[in-house]
Every structure is written in structure tokens, then in C-alpha cells.
Amino acid sequence: NAGVTQTPKFQVLKTGQSMTLQCAQDMNHEYMSWYRQDPGMGLRLIHYSVGAGITDQGEVPNGYNVSRSTTEDFPLRLLSAAPSQTSVYFCASRALTGGRTGELFFGEGSRLTVL
Amino acid sequence: GDSVTQMEGPVTLSEEAFLTINCTYTATGYPSLFWYVQYPGEGLQLLLKATKADDKGSNKGFEATYRKETTSFHLEKGSVQVSDSAVYFCALRGDDKIIFGKGTRLHILP
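Residues numbered from 1 in each chain as written. Chains lettered and ligands numbered in written order. Predicted model: local features only at pLDDT ≥ 70, side-chain atom pairs only at ≥ 80, totals over all residues. Heavy atoms only, no water.

### Here's the deal with the interface of chain A and chain B
Next up, step 1: The interface is formed by 22 residues belonging to chain A together with 19 residues belonging to chain B.
Next up, step 2: Of the roughly 1,500 Å² buried between chain A and chain B, counting both surfaces, carbon and sulfur atoms make up 57%.
Next up, step 3: Looking at the side of chain A facing chain B, the largest losses of area belong to Leu43(A), Gly102(A) and Phe106(A), adding up to 26% of the total buried there.
Next up, step 4: At the junction of chain A and chain B, the tally comes to zero salt bridges.
Next up, step 5: Joining chain A to chain B, the criterion identifies three residue pairs in polar contact (both at pLDDT 80 or more).
Next up, step 6: Where the side of chain A that touches chain B is concerned, the elements lending two or more residues are β4 (31–38), β5 (42–51) and β9 (87–94) of chain A.
Next up, step 7: Ranked by residue count, the leading element in the side of chain A that touches chain B is β5(A), at five residues.
Next up, step 8: Its residues assigned to classes, the side of chain A that touches chain B comprises 11 nonpolar, seven polar and four charged. (Contact = heavy atoms within 4.5 Å. Buried area = accessible area lost by both parts, 1.4 Å probe. Salt bridge = Lys/Arg side-chain N within 4 Å of Asp/Glu carboxyl O. Polar contact = N/O pair within 3.5 Å; in protein donor to acceptor, adjacent residues only side chain to side chain. Helix = DSSP H or I, 4+ residues; strand = E, 2+ residues; numbered from the N terminus. Nonpolar A, V, L, I, M, F, W, Y, C, P; charged D, E, K, R; others polar.)

Right, here's the structure in full:
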């Protein structure tokens, strides 16, 4: 049971480059989300989705794009990376129906460095 | 908007000491409340939760009670172990979003 899978685990970019962080879950969860984790700032919500074709902004959406074409996948795109986007990124999903709707399941994280 | 405030760390305790990590929240309506734990190099995992006022969540010897009157959800454990060393996050779910506090790093000394 893979759960939430993120790729890549590590990435180094130069300022202005673009990239996509991939996230896939095999639990048929309706809800998927992206967080960034920075020292002293905890986890901050970037974007989230409650189902295919539906996305919404979180606390810190600027500089990031998302789409949700399938239930399983929720990629996070950086169109023009900036040093301020150096962080550890976590994808998380949860069910919106059924008995365990509160619990978020997290991927292992992707560490991004922007030079 | 919704927010979570938790005590800053790091918190350093000796093994078998009593632990309290404070958490207070601001939210409209009646949110569900959670504690998540992050071990080094890993993602977060759910430790316990409470969905309504006066509920007590518990797991692995940790407990937290949903106090609506004080808007709090403090995490407690009677006797900590070295293996409890981790970062602990308080979180709330108001509508669909889950908002986290900044985390409290806990060090347990043998």
C-alpha cells in the first residue's frame, strides 16, 4: 500500500527555472493538498483540491500553480523559481467521506533548493 | 481566518518526566482538532484527534482534551520516553482546509 508518493525527493534549481513536483495517492482520497515547511514557520498550506477539476488557494499560493485532472494526481508547478521558494514541500491527502475523514496522510517530502 | 498557536520550543525533558505542549486556536464555528507528530526525515502522521467540545483524544500514552471555553487543545503525556523525541504540530480543520501551528520540537534526554 503506497499511500502518498512524492517525486523528486531532492531538487536544486537556479532562479527563474521551472519545475513540477509530482504527487500521487492510491487511497481514492477526494482531498489533496500541498504544504511547505520552513524553519520557525511550521507547515503552511499552498493549494488544495476537493476533487478532480477543483482547486483552491491556501495561505501562501503566490508563485505556485496546481491542477487536478484525476483523483490520484495533484502536481505542484513552479513557473519561475525564486530563492524564497527554497523549502521542504509536503503533499497530503484525506478522505472527505467515510469514517476517517479527518486524518491527513502525508508523503515523505521534497526538499527544494533555489540558488 | 482560522489560526493555531502553540508553545515555542525546543522543549527538553528527562525521560519519565511529565509533558505538556500548549495549543490554542481561533476559528469560526466548531472545528475538529488534531495533533500530528513528525519524526526526523519523515512526513507528519496523525497522533490523536477530537471532533467536538469535551472530547478527549488519546494514543500512545498522549492525551488532549477539546476545551471550547478556553479554545485550547493541550497535549499531555504522563511519562515521556526517548523515542518521543520529535516535532509536534497542533492543527485544526474548520471547513475543508487543515491549518497547522508552527510546531514544537521535543527533546527527551535519557
